[in-house]
Amino acid sequence: MHPMTSEQIQTVSELTQSIRGVLEVSFPFVTVVGEISNLRCPYSGHLYFTLKDETAQIKAVLFKPQQRYLACTPADGMEVVCRGRVSLYEARGEYQLIVDVLATKGAGALQLAFDLLKRKLADEGLFASERKRSLPLLPERIALITSTSGAAVHDFLTMAEKRCAAIPVDIFPVRVQGAGAMEDIIEAITLCNERGQNDVIVLCRGGGSLEDLWTFNEEKVARAIAESSIPVVSAIGHEIDFTIADLVADFRAPTPTGAAEALIPNQAQLQAQLHNITTRLTKTVQDKIAFFRRAIEDHRKILGDPTAL
C-alpha cells in the first residue's frame, strides 16, 4: 500500500489554517525592532510594509483603526519598534506581523509602553469626553496632590492666592517620581474621596523627561483618576508634556499655574460681576414695584371712593 493512502489528506486551506493556529498560539504577542521598507497604503487605508534587518525580513500590516494612536508617521528607512502578534495570511500562504503599536526606535521601551496603554485605555472609553465632569464654578475646598519640595506647589498656591485667597487648599504631600510615587498618589486620591471634604482634586508636579513623569503614565494611577467620584484636574509638567493622566483627567491644565487660573475665579472679577447682577436685580425689582403701583392706582381711579357708596 502506498504510504500516502494511510495518511489523512488535507486540503491546502486545512493545512494553512493549522499552521496559522500554531503561529498565533506560539507567538501571541511579540516586540520586534527593524527597518521599514516597501511601505504602501492602498485605498483601504491600511499600512503594509516589510520589517527587515541585515539578514531577514517579515511582512507587516498596521490596520487603519490602530493608526490613530501613532506617535510618528511611518516612512521607508525608519527604524521602528513594533508590538503585535504573528499570524498567517491564508490567501497567499505568508506569515506576517499584525502590528498593534509602532514607535520609533529611539523612543525606546517606555514610549512603546506609553502607546500600548494609551491604546488600551482609549478602547475602554476612559478618554471619552462624555465621561468627563464639569469643574465647580466656585470651588469650596481644593485638594492639591503634589510634592511639597517642588516649585509646582509654589506656583499653584501663588496664583491661587492672587485670584481668590478665601478658597482653602488642602495639600496632600506625595512622592511624584521614583519608587513609591504611584502608591502615594493612588492613596491620596482614595483618601480625598473617602473624606468627601473637597469638590475638586488637582494632581500637580513640574516638568521633566518621559522617565521623570512616568508615574503619571502608570495604569493604576489612570484607573484611580477614572474611578474618582470627585473631578480631577491634571497639572503635570509643562505645556509640551503629555501623560496618560492628562487624558483620563476631567480637565488638563498646561501648567500648575494654568490649573489655578482655570479652577479659581478672579475675586475682583467676581465682585464686579456680583455688583452688576445686584444692580440689575435691584432695577428689575424696582421696575416691577413701580408697575404694580401704577396698576393699583389705575384700578383705584376706576373703582372710585368706596365710602361714597
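All of the points below concern the structure found in this document. Just so it is clear, the model here is predicted, and its values are computed rather than measured.

1. Observations regarding the overall build of the protein
1) Next: Along the protein, the regular secondary structure elements total eight helices and 10 strands.
2) Next: Over its C-alpha trace the protein gives a radius of gyration of 32 Å, far above what one expects of a compact globule, namely 19 Å for 309 residues.
3) Next: In terms of its C-alpha atoms, the protein occupies a principal-axis envelope of roughly 135 × 60 × 35 Å.
4) Next: Counting every position in the protein, which comprises 309 residues, the buried fraction comes to 36%.
5) Next: In the protein, the proportion of contacts linking residues at least 24 apart, taken out of those at least 6 apart, comes to 65%.
6) Next: With the model as given, the accessible surface of the protein reaches about 18,300 Å², and the carbon-plus-sulfur share is 56%.
7) Next: Here the protein contributes 32 positive and 38 negative side-chain charges, whose respective centroids are spaced 8 Å apart.

2. So, the packing of helix 3 (residues 151-164) against helix 7 (residues 256-263)
1) Next: Close contact between helix 3 and helix 7 brings their axes to 8 Å; oriented N to C, the two are set at 25°. Relative to helix 7, the element helix 3 is oriented roughly parallel. When the axes of helix 3 and helix 7 are compared, the crossing they make is right-handed. Residue-level contacts link Ala-152, Asp-155, Phe-156, Met-159, Ala-160 and Arg-163 of helix 3 to Pro-256, Thr-257, Ala-259, Ala-260 and Glu-261 of helix 7.
2) Next: The residue makeup of the contact of helix 3 with helix 7, split by class, is seven nonpolar, one polar and three charged.

3. Considering the sheet that holds strand 1 (residues 30-40)
1) Next: The sheet built from five strands closes into a barrel, its strands ordered 1-2-3-5-4 with mixed pairing. Going from strand to strand, the sheet's axes swing by 55° on average, the running direction of each strand aside.
2) Next: Relative to strand 5 (residues 94-104), strand 3 (residues 57-62) runs parallel, the two sharing three bridges. For Ala-60, the partnering residue across the bridge sits in strand 5 and is Leu-97.
3) Next: Running at roughly 140° to strand 4 (residues 79-89), helix 1 (residues 12-26) makes contact with strand 4 and strand 5 of the sheet.

4. A few points about the packing of aromatic side chains
1) Next: Per the stated rule, a full pass over the model turns up one aromatic pair.
2) Next: Arranged with centres 5.4 Å apart and planes meeting at 70°, the rings of Phe-291 and Phe-292 form a pair that is edge-to-face.
3) Next: Given a relative accessible area of 48%, Phe-291 falls into the partly exposed group.
4) Next: Above the plane of the ring of Phe-242 lies Arg-252, whose end atom (NZ or CZ) is 4.3 Å from the centre.

5. Quick word on the pattern of salt bridges
1) Next: Considering all chains together, one arrives at 12 salt bridges under this definition.
2) Next: For Arg-223, the salt bridge is made with Glu-219, and the minimal N-O distance between the two is 2.9 Å. On the criterion of helical spacing, the pair formed by Arg-223 and Glu-219 is a turn pair, its members being four residues apart in helix 5 (residues 219-227).
3) Next: By relative accessible area, Glu-219 is classed as partly exposed at 25%.

6. Details of the nonpolar core
1) Next: Ile-145, Leu-203, Ile-225 and Ile-244 are the most contacted members of the largest nonpolar core, which totals 32 residues.
2) Next: Here this core takes five residues from helix 4 (residues 181-195), the largest share from any one element.
3) Next: Beyond its immediate stretch of four places on either side in the chain, Ile-145 contacts Phe-172, Val-174, Ala-188, Ile-189, Cys-192, Ile-201, Val-202, Leu-203 and Cys-204.
4) Next: Grouped together as the second largest cluster of nonpolar side chains are 19 residues, Phe-156, Met-159, Val-200 and Ile-264 included.

7. A look at the side chain of Asp-100
1) Next: Tracing the chain through its elements places Asp-100 in strand 5.
2) Next: Under the relative-accessibility criterion, Asp-100 is labelled buried at 9%.
3) Next: Apart from residues lying up to four places away in sequence, Asp-100 is in contact with Phe-29, Leu-62, Gln-66, Arg-83, Gly-84, Arg-85 and Arg-119.

8. Overview of a nonpolar patch on the surface
1) Next: Among the surface-exposed residues, Leu-281, Val-285 and Ile-289 lie close enough to one another that they form a single nonpolar patch of about 260 Å² accessible area.
2) Next: For Ile-289, the location among the structural elements is in helix 8 (residues 267-303).

9. Some details on unusual backbone geometry
For residues besides glycine, phi is generally negative; the peptide bonds are generally trans as well.
1) Next: Of note in this structure, Asn-38 is not a glycine but carries a positive phi near 55°.
2) Next: By the secondary structure assignment, Asn-38 is in strand 1.

10. A word on the environment of Ser-87
1) Next: The residue Ser-87 is located in strand 4 in this model.
2) Next: Between the alpha carbons of Ser-87 and Glu-24 there is a distance of 5.5 Å; along the sequence they are 63 residues apart.
3) Next: Among residues more than four places away in sequence, those in contact with Ser-87 are Arg-20, Leu-23, Glu-24, Glu-94, Tyr-95, Gln-96 and Ile-98.
4) Next: A polar side-chain atom of Ser-87 sits 3.5 Å from a polar atom in the side chain of Arg-20.

11. Some points on the sheet that holds strand 9 (residues 232-236)
1) Next: Overall, parallel pairing links the five strands, which are arranged 7-6-8-9-10 in an open sheet. Of all the strands in the sheet, the pair left with one neighbour each is strand 7 (169-173) and strand 10 (251-252).
2) Next: Note: strand 8 (residues 200-205) against strand 9, five bridges, orientation parallel. Pairing of Ile-201 across the sheet is with Val-232, part of strand 9.

Each value, and the rule that gives it
Residues numbered from 1 in each chain as written. Predicted model: local features only at pLDDT ≥ 70, side-chain atom pairs only at ≥ 80, totals over all residues. Heavy atoms only, no water. Helix = DSSP H or I, 4+ residues; strand = E, 2+ residues; numbered from the N terminus. Rg over C-alpha atoms; globule rule 2.2 N^0.38 Å. Buried < 20%, exposed > 50% of the residue type's maximum accessible area, 1.4 Å probe, protein only. Contact = heavy atoms within 4.5 Å. Areas by Shrake-Rupley, 256 points an atom, 1.4 Å probe, with all protein chains shown as cover. Lys, Arg positive; Asp, Glu negative; His and termini not counted. Charge placed at Lys NZ, Arg CZ, Asp CG, Glu CD. Axes fitted to C-alpha atoms, helices over the stretch in contact; angles between N-to-C directions. Parallel < 35°, antiparallel > 145°, perpendicular 65-115°, else oblique. Left-handed = near helix turned anticlockwise from the far one by under 90°. Nonpolar A, V, L, I, M, F, W, Y, C, P; charged D, E, K, R; others polar. Pairing = 2+ DSSP bridges. Phe/Tyr/Trp six-rings, centres within 6.5 Å; stacked < 30°, edge-to-face > 60°. Lys NZ or Arg CZ within 6 Å of the ring centre and 35° of its normal. Salt bridge = Lys/Arg side-chain N within 4 Å of Asp/Glu carboxyl O. Core = buried A, V, L, I, M, F, W, Y, C linked by side-chain atoms within 4.5 Å. Patch = residues over 30% accessible without salt bridge, like charges linked within 9 Å, V, L, I, M, F, W, Y side chains within 5 Å. Polar contact = N/O pair within 3.5 Å; in protein donor to acceptor, adjacent residues only side chain to side chain.

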